[in-house]
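# Fold and contact review
Here is how the chains run, residue by residue.
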Amino acid sequence: MTKPTIALFGASGTMGFQAFRELWRKRERFNLVILALPEDQRRGIFDPYLRQAGAPRLRGRGVARGEGLKIVWGDATCYEDVAETIRGADRVLNAMAYISPMADYNPEQARRVNVEAVAHILRAIHNEPDGSQRIAYIHTGSVAQTGNRPPGIHVGRVGDPLKPAVFDYYALTKIEGERLVLESGLRYWVSLRMSFILPTRFSELLSLFDPILYHMPLDTFMENITDRDAGYGLANCAEIPLQSDFWRRVYNMAGGEPMRTTAQDFLRMVYNLFGLRLEACTERRWFATRNFHLQFYEDGHILEKYLHHQRDTLADFCRAIVESMPWPIRLARTLLLRLPGLRRLAEGMLYRWQRRLVETHPNSPVYWVKSGNLWRIRAFYKSMENFRAIPDWNAAPAQPPVHPYRRLEHGYDERRPVLTPSELRVAATFRGGEYLSGQWNGEWYQTLEWRCAFGHSFRASPYTVLKAGHWCPVCVSQWNGDRQARRNPFFAQVWYADHDPHEDNLYPLEGLDDIRGANLPARKRKAVTQAG
């Protein structure tokens, strides 16, 4: 019997490499094809697998074939490379993304990877013999698509409104890329909206440090997932039977309750891994007070039922980081934990270094305040008055007690497996718009006509709109949430959780330009291969 062929994109990334390793362990059951950038050849991470497969080690672009393994050294933004990767595939797994903050530093590349490359994948699947009816595609979306979920609405589920944070270009591209998948006409697809993926190796955790850290409000609720659990779950998608009801659905993917925490507690935990204290190394006002993303997932157990990926806890993450520390770092950590005087000295040095960073880096909220960047001040603090009112660490805790949450309304009876056209009209009205198609045969994936409150007409299936939370593709690409919320009660549920009805900001797309190119040369390669 011929083994099925699995095509994997993003195999050199944090999650993607974990998925690659899981698939390689099962290579007696699969043929594996990956697309990797030629720059990854210098890292040599695939060399052991090439040797085991008896495949040549190439330099530059080309195709290396061996027993059960094929590596296409190319670029997902090139359709020909994508088509070569998918040729003969039975399943396509996409762990590839151009992530924040690099997506904001280089938005053009973010669009090429997160939107155009996805379009290439879908086109290549359609162009395979009977591809749209035979090949299953597994897409990775992002928790960034649903934006900031402050206390009170900090628990979310698939179908909640999409609300990309202002100036989060990564979120815009992930929304657009996912919509291509949902409306692709493929018979078998899923989208896994990944939460924050925690690396389980010290060097990779350290590489994530960037002033985007300070965009995160301290009261943010976060349900994380380790890279190895994310990769394990993604690899398990390769064996879900096509007869399963798993397909043609969007899922939230995170680590479950053992991976839940708040931003403040998470940062304390990470600083403690270095033997340091958060409050001694930072100032409370360095952190924005709104306009980020992350949440707890009410419905994460649904995906767990299929993939069985929720294995690690936060304690497991901490243990993995400490175990992978170079011995000098581990020794320093031990000394700092045991010698308070030495710890205070190290904390003072780190505080001064971070203060210089937050005051001079273009992607730091404090820099925006010092430079008078009113658009970003409004987006992340609401006003200068709000920024000045932030107390220091000695004041009342920034972290609130655990809140009950309000389950958001989706505008229709979710218990009904089949709706009527009149119920679609009610759901459209709840979104401030209209349902235009008239009759409907009850098929959730049938393309229908809709119009938003601003007069934009668009086509989408009822599943895309009602079950996945998408609405007008024009409005979601504009940072005009204040105006949308006044006309769209569905969207207002999330917007007014951290905005006032009297606000009236139309944030310009050109607002991205102030951080364009920041840190790009040193970090360009790393950003291309991760998801989440």
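Criteria and thresholds
Residues numbered from 1 in each chain as written. Predicted model: local features only at pLDDT ≥ 70, side-chain atom pairs only at ≥ 80, totals over all residues. Heavy atoms only, no water. Helix = DSSP H or I, 4+ residues; strand = E, 2+ residues; numbered from the N terminus. Rg over C-alpha atoms; globule rule 2.2 N^0.38 Å. Buried < 20%, exposed > 50% of the residue type's maximum accessible area, 1.4 Å probe, protein only. Core = buried A, V, L, I, M, F, W, Y, C linked by side-chain atoms within 4.5 Å. Contact = heavy atoms within 4.5 Å. Axes fitted to C-alpha atoms, helices over the stretch in contact; angles between N-to-C directions. Parallel < 35°, antiparallel > 145°, perpendicular 65-115°, else oblique. Nonpolar A, V, L, I, M, F, W, Y, C, P; charged D, E, K, R; others polar. 1 Å grid on protein atoms, 1.4 Å probe; cavity = no way out; pocket = protein on both sides within 12 Å on 5 of 7 lines; lining within 4 Å. Points joined across faces, edges and corners; volume = space filled by probe spheres on them. Pairing = 2+ DSSP bridges. Expected span 1.5 Å × (residues − 1). pLDDT = per-residue confidence, 0-100. Disulfide = S-S within 2.5 Å. Phe/Tyr/Trp six-rings, centres within 6.5 Å; stacked < 30°, edge-to-face > 60°.

### Quick word on the overall build of the protein
- Secondary structure summary: the protein contains 23 helices and 17 strands in total.
- Against the globule reference of 24 Å for 532 residues, the protein gives a C-alpha radius of gyration of 23 Å, in line with a compact fold.
- Referenced to the eigenvectors of the C-alpha coordinate spread, the extents of the protein come out at roughly 65 × 60 × 40 Å.
- Per-residue burial for the protein yields a buried fraction of 59% across its 532 residues.

### Here's the deal with the nonpolar core
- In terms of nonpolar packing, the biggest core is built from 83 residues, with I86, V92, I121, Y137, W450 and L466 touching the most fellow members.
- In this structure, Y137 is in contact with V92, N94, V118, I121, L122, I125, V181, L186, Y188, W189, V190 and W247, ignoring residues within four places of it in sequence.

### Observations concerning the packing of helix α14 (residues 327-338) against helix α15 (residues 340-360)
- Put simply, α14 and α15 touch, their axes get as near as 5 Å, and they point 115 degrees apart. Looking at the two axes, α14 sits roughly perpendicular to α15. Along the contact surface, α14 presents L335, L336 and R338, while α15 presents P340, L342, R343 and A346.
- For the contact of α14 with α15, a count of residues per class yields 5 nonpolar, no polar and 2 charged.

### What to know about empty space enclosed by the protein
- Counting across every chain of the model gives 3 cavities of 30 Å³ or more.
- Approximately 250 Å³ is the volume found for the largest cavity.
- Among the secondary structure elements, those contributing two or more residues to the lining of the largest cavity are α7 (169-182), α21 (481-487) and α22 (489-495).
- At 3 residues, the largest contribution of residues to the lining of the largest cavity is made by α22.
- Per-class residue counts for the lining of the largest cavity are 16 nonpolar, 7 polar and 3 charged.
- In this structure, the second largest cavity encloses a volume near 120 Å³.
- Every residue lining the second largest cavity is counted, 15 residues in all, and those nearest its centre are D104, F167, D168, H215 and F380.
- In terms of residue class, the lining of the second largest cavity is built from 7 nonpolar, 5 polar and 3 charged.

### A word on the sheet that holds strand β15 (residues 434-435)
- With antiparallel pairing, the 3 strands of this open sheet are ordered in space as β15-β16-β17. The strands lining the two open edges of the sheet, one partner per strand, are β15 and β17 (457-460).

### Some words on α15
- The end-to-end C-alpha distance of α15, which contains 21 residues, comes to 30 Å, matching closely the 30 Å that a straight helix rising 1.5 Å per residue would cover.
- Within α15, the full set of buried residues consists of R343, E347, G348, Y351, Q354, L357 and V358.
- Buried residues along α15 sit in contact with α10 (263-273), α11 (278-281), α14 and α16 (365-371).

### Thoughts on the pairing of strand β6 (residues 136-142)
- The buried fraction of β6 is high, at 7 of 7 residues.
- Residues A136, I138, T140 and S142 point to one face of β6 and Y137, H139 and G141 to the other, with burial holding for every one of them.
- Across 7 bridges, β6 lies against strand β8 (residues 188-194) in parallel orientation. Each bridged residue has a counterpart across the sheet, and for I138 the counterpart in β8 is V190.

### Here we look at the confidence of the model for the protein
- On average, residues of the protein carry a pLDDT of 94, and 96% of them reach 70 or more.
- Contacts for the low-pLDDT stretch residues 520-532, under 50 throughout, to residues beyond four places or in other chains number 52 contacts.

### With respect to the layout of surface pockets
- By volume, the second largest pocket is sized at about 500 Å³.
- Counting only elements with at least two residues in the lining of the second largest pocket, the list comes to β12 (249-253) and α20 (462-467).
- No other element matches β12, which puts 4 residues into the lining of the second largest pocket.
- Here the residues of the lining of the second largest pocket sort into 9 nonpolar, 3 polar and 9 charged.

### Here we look at the state of the cysteines
- Taken as a whole, this structure holds 0 disulfides when the rule is applied.
- For C281, which is in no disulfide, the shortest distance to another cysteine sulfur is to C318 and amounts to 16 Å.
- The cysteine C472 is free of any disulfide, with C475 supplying the nearest cysteine sulfur at 3.7 Å.
- When its relative accessible area of 3% is taken as the criterion, C472 is described as buried.

### Some words on the packing of aromatic side chains
- Scanning all chains against the criterion turns up 36 aromatic pairs.
- Residues F266 and F317 carry aromatic rings whose centres are separated by 6.4 Å and whose planes lie at 25 degrees to one another, so their mutual orientation is stacked. Of this pair, F266 sits in helix α10 while F317 sits in helix α13 (residues 314-323); the two residues are 51 residues apart in sequence, bridging distant segments of the chain. Each of the two residues, F266 as well as F317, counts as buried.
- Centre to centre, the rings of W286 and Y351 are 5.6 Å apart; their planes meet at 10 degrees, and the pair counts as stacked. A residue pair is termed long-range when its members are at least 10 positions apart, and W286 in the loop between α11 and β14 (296-297) and Y351 in helix α15 qualify at 65 residues. Y351 matches W286 in its accessibility class, with the two residues each being buried.

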